[in-house]
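Close look at the chain arrangement
So you can see what is in the structure, the chains are spelled out below.
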Protein chains: 2
Amino acid sequence: MAERPERSIPEPRKKELVADWQTLMRTFIRPENDASHQRLIKYMDQILYGLHDFLNKHVGITREISLKELSRRFMDVCINEHPEKTLADVISDIIEDTAPRAVNVASPYFVGHMTSALPFFMVHLKTIVAALNQNVVKLETSKVVSVIEKQVLAKIHRVLFQRSDAFYREHVQSTTSTLGSFVEDGTLANITALWVARNTMLSPRDGFSGVEQDGMAAAFRAHDIDRCVVLVSRLGHYSLRKAGGILGIGNRNIIPVDVDQTNRIDLAKLKDIIRKLSRPEARTRILAVVGIAGTTETGTIDPLTDIADICSEFGIHFHVDAAWGGPTLLSEKYRHLLSGIERADSVTVDGHKQFYMPMSCGMVYFRNPFIMDAIEYRANYINRPGSVDLGIKSLPGSREATSLILDSTLKIMGSRGYALLIDHGIETARAFADEIRRRPDFQLITPPTLNILTYRYCPEKIQIKMERGEIGPGHPTQKRLNEINQSLQRLQREAGKSFVSRTTLRHGDLPGNDIVVLRSVIMNPMTTMQILSEILDEQQAIVERHLLPF
Amino acid sequence: MAERPERSIPEPRKKELVADWQTLMRTFIRPENDASHQRLIKYMDQILYGLHDFLNKHVGITREISLKELSRRFMDVCINEHPEKTLADVISDIIEDTAPRAVNVASPYFVGHMTSALPFFMVHLKTIVAALNQNVVKLETSKVVSVIEKQVLAKIHRVLFQRSDAFYREHVQSTTSTLGSFVEDGTLANITALWVARNTMLSPRDGFSGVEQDGMAAAFRAHDIDRCVVLVSRLGHYSLRKAGGILGIGNRNIIPVDVDQTNRIDLAKLKDIIRKLSRPEARTRILAVVGIAGTTETGTIDPLTDIADICSEFGIHFHVDAAWGGPTLLSEKYRHLLSGIERADSVTVDGHKQFYMPMSCGMVYFRNPFIMDAIEYRANYINRPGSVDLGIKSLPGSREATSLILDSTLKIMGSRGYALLIDHGIETARAFADEIRRRPDFQLITPPTLNILTYRYCPEKIQIKMERGEIGPGHPTQKRLNEINQSLQRLQREAGKSFVSRTTLRHGDLPGNDIVVLRSVIMNPMTTMQILSEILDEQQAIVERHLLPF
């Protein structure tokens, strides 16, 4: 770690490191002698166990060292001419200096974000991917790994779309069709889905070669419109706005639709907007309606079957953002929550969320195995026609083979292994909601559909006044509650034991009634009700010690 | 490996694997007892050494098993309810079945693509990243790792742009400015650069909120143009066309500019196009000119200083695609080849190419530390104002901390370590070019600027006739030569020992004179002249055995 103040002359070392050809070559050769072999394995031991010991101790976003102070230690921008560190030094530094100041996302007390503990074998699988170092952009640098990727894409496609055996026999290894694509994350998956939908809608016609070739302005002229839009509940992920911006649609044309009391898209309002925009004088095309299967903030699921009906009626591309909720389909008990997803035209799912894969792995799937032809790119030196090069229809080019991790994991876990995790998360979140309801000074704001819930600290006497209508939206007490919950979340995070996140929700659809809520995501199987109760106890104590009197 | 034909009922196993809560929980707990500990470490040993042994044997794209036959073994699309494999099974399968059918990109005989051997410690570093599992989209899931990322971005920025010490002191850890961004690969880096350039050019004005918000069609109306274009040599990477498509510019508006005899952009033609497009009646804005620092096919470098002059003169965004060539700047001996790059507005560099990092790591850098404000996105639950959340200005959202690998590697290698690799590649490529020139039946097509060259098999007697002008462009012999070289490349690949790639170049700027060439990329330090001579010998033998008589 360059944790020293800025400097350009290295301090004297025990043994000066020198970059020379022989030393360098040795790093490219697998050490054959026993001592070197043992040393390399020992490093892995340090990584697997030494790191873990440190991480076990705390959540890690602590005030012990402020960000400002921390930043000051990482100011040096010079690259040393000669090596500063050996691998052993680097590993020690990471274990002793970096890890304790990173965030222990694996702690069962870390229930604030969609990043959690991983099954230990994930680290082994990631190591395999790095050791093989295949580039799945093309067959010539991946061969069987591309074939495995096509197979695992089909496996997940089948979970989502449940198409016939004959369908999968035809497409699983077809060199002309594509069931989906691995991308860096859910943002890129959503962008890919809307990119495909845009190109499919603004297709070639007389004198116009299609939006991909001719651009958006020409597309609007050719299709005689002024605008195209995407409709999504106002709880949609911000990556959809980003997609609108990148794709030249304009992010203001990602139109937020109001939600009902249960935080699901308001179907009447959705239909109303569609009808208005469908009138010829609106000069607008609706590129897609997005249903959310697990909103980021509240974990709620839009009524997918109803949206599918509406999209069928109006002939609109139906995209489902199931980045979070997708793997729920592996649970027999709860898969019904996502009913209707099989009628989507495209679906986003994240591997690094509820597939418990290491950072980062996004995926996008399409019902129609030929729709990705709309984003096909080729070049002389890569992605030749008739090849199975996976880079032909893909947002990224070079990619690591994260598909190999998912393929292996499905074999190690079985669908039932995932079902157990999903069921645990949903059921623990429900029990946690009950516990919050039982505590007089906490208020449950959004009960869990999946394994995400929001709540806030709100003293019993205030809750009574609210019920009586003495404190309504916009009342100064609401502002004070927001301040308290904001401080509470920060103080708990800084104490370094537990972490819940916070967000701001518009409660009951009333502007001026934005409320700050605490948000819990229960995905770590080690997170028990005992731990969640401790988190509430700590919150109560923080409020009483630091934030009262009200 | 599911290498059995399609089936839904698993075959009986020695010991039936069952998904149950206790087994599952054990995968989330670090095994504390000695036997389990030893087993986990043994797996890493298998991964590091077992895998390596297999990979050492051959290049791997062999005909031994055809793609079609291979595909047939990966048809099963069912996910087993219960586990099919233990981690030990999966590792054995990968070592015994997958690795031998993957591609040994680490072989010194694999000189066809920009993927090569890695220093062994890269696998350790990737393992560390997986074990920490930080998500650098936000501080709350990465803390110090975000700070380290900002530092390493500044280190590479300094190599590229050489700005003042005061500049870096101000920006290295600033929460309001951004020197660059890590993305999945070079494609996403190029897209990000052009996205930023597009938004900067099509900026807000009266009644128009900017292209990101209002979209491309509105932007053209507000700026009173019909088209915007990007100019790049016709050797530009296909990701630039993809960027044009995605961004709503239209990929036909990524205009290929002719190259001169040395495969560098023709400056006169570039200026000419700029002048024509700058006339008011063209109703066109030039979004960017792209200079290439290491073309994919020939490794040539555009005259960056001249392009910088032209861009300054006309006020155009100057992007340099240095995905390949960027790290050449670490070589004192050859950094002059990239002179002028410091005047770019944006630069793409790939970590998984000449930084020898594992798949995949792209980076994009900007001269102006505030220009990325043009792609800023925020949300309540993430990326709040005033935070250093790295996801605020970024194409992807969730990301793994590949920056930690680069940071560690720079310390282990020193700039000199990279310089040795760069120098070896360039000098070996030059020696290889000399060897090709010495061999009567081979013809050097593009001599190396960096470490990439192209050549073809071409019998001496044909070369003589060509020099005499008896065989010109379009002559049937040219077609036959193309066929021979295409077959030669395939046969050598299928033989499984060596791999060069092939591409098609337009020779001497004459349409109808497209020639198929063999392409070598020399980046593996184990690739010696001895090996390269063997590759030529093998090619000569293949032609004589299979492809003659001419």
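Each value, and the rule that gives it
- Residues numbered from 1 in each chain as written.
- Chains lettered and ligands numbered in written order.
- Predicted model: local features only at pLDDT ≥ 70, side-chain atom pairs only at ≥ 80, totals over all residues.
- Domains from an automatic or database assignment.
- Helix = DSSP H or I, 4+ residues; strand = E, 2+ residues; numbered from the N terminus.
- Expected span 1.5 Å × (residues − 1).
- Contact = placed C-beta atoms within 7 Å.
- Least-squares fit on C-alpha atoms with pLDDT ≥ 70 in both.
- Nonpolar A, V, L, I, M, F, W, Y, C, P; charged D, E, K, R; others polar.
- Buried ≥ 20, exposed ≤ 12 C-beta atoms within 10 Å, placed from the backbone.
- Core = buried A, V, L, I, M, F, W, Y, C linked by C-beta atoms within 7 Å.
- Pairing = 2+ DSSP bridges.
- Axes fitted to C-alpha atoms, helices over the stretch in contact; angles between N-to-C directions.

The subject of this paragraph is the domain arrangement of chain A. Taken domain by domain, chain A holds domain 1 (21-104), domain 2 (174-378) and domain 3 (426-547). Domain 1 of chain A and domain 3 of chain A are separated by 38 Å when their C-alpha centres are compared.

Take helix α17 (residues 529-547) of chain B next. Compared with the 27 Å implied by 1.5 Å per residue over 19 residues, the 26 Å span of α17 of chain B between its first and last C-alpha is a close match. Considering only its buried residues, α17 of chain B is in contact with α14 (402-438), β8 (442-446), β9 (452-457) and α16 (476-495) of chain B.

What follows concerns the relation of the copies chain B and chain A. With an RMSD of 0.0 Å, the operation that places chain B on chain A is a rotation of 180 degrees combined with a shift of 0.0 Å along the axis. With respect to symmetry, the two chain copies, as superposed, fit the operation of a two-fold axis. When the interface residues of chain B are mapped onto chain A, 100% of them again fall at the interface, so both copies present the same face.

What follows is about the interface of chain B and chain A. At the junction of the two partners, chain B supplies 138 residues and chain A supplies 138 residues. By residue class, the composition of the side of chain B that touches chain A is 70 nonpolar, 43 polar and 25 charged.

All right, on to the environment of L404 of chain B then. Residue and element names in this part refer to chain B. One can find L404 in helix α14. The buried category is assigned to L404, around which 26 C-beta atoms lie within 10 Å. Residues L404 and L17, 387 residues apart in the sequence, show an inter-C-alpha distance of 37 Å. Not counting chain neighbours up to four residues away, the residues in contact with L404 comprise V129, V145 and I148.

Let us look at the nonpolar core. For soluble globular proteins, nonpolar side chains are generally found buried alongside one another. Residues L194, V230 and L287 of chain A together with L194, V230 and L287 of chain B are the most contacted members of the largest nonpolar core, which totals 335 residues. Residues in contact with V230 of chain A, not counting those within four places in the same chain, are L194, L240, G244, N253, I254, I255, L287, A288 and V290 of chain A.

A separate point is the pairing of strand β11 (residues 514-521) of chain A. Residue and element names in this part refer to chain A. Extensive coverage of β11 is indicated by the burial of seven of its eight residues. Sheet topology note: the strand β9 (residues 452-457)/β11 ladder contains four bridges and is antiparallel. Residue pairing in the sheet places I452 in a bridge with V521 of β11. Pairing between strand β10 (residues 501-506) and β11: six bridges, direction antiparallel. Residue pairing in the sheet places S501 in a bridge with R519 of β11.

Attention now goes to the sheet that holds strand β10 (residues 501-506) of chain B. All names here are of chain B. Strand order in the open sheet formed by four strands is β8-β9-β11-β10, and the pairing between neighbours is antiparallel. Here the strands that pair on one side only, and so sit at the sheet edges, are β8 and β10. Strand-to-strand twist in this sheet, taken as the mean axis angle between neighbours without regard to direction, amounts to 45 degrees. Pairing geometry for β8 and β9, over four bridges, is antiparallel. Each bridged residue has a counterpart across the sheet, and for L444 the counterpart in β9 is Y455. Here α16 sits on the sheet and contacts β9, β10 and β11 (514-521); the angle it forms with β11, its principal contact strand, is near 30 degrees.

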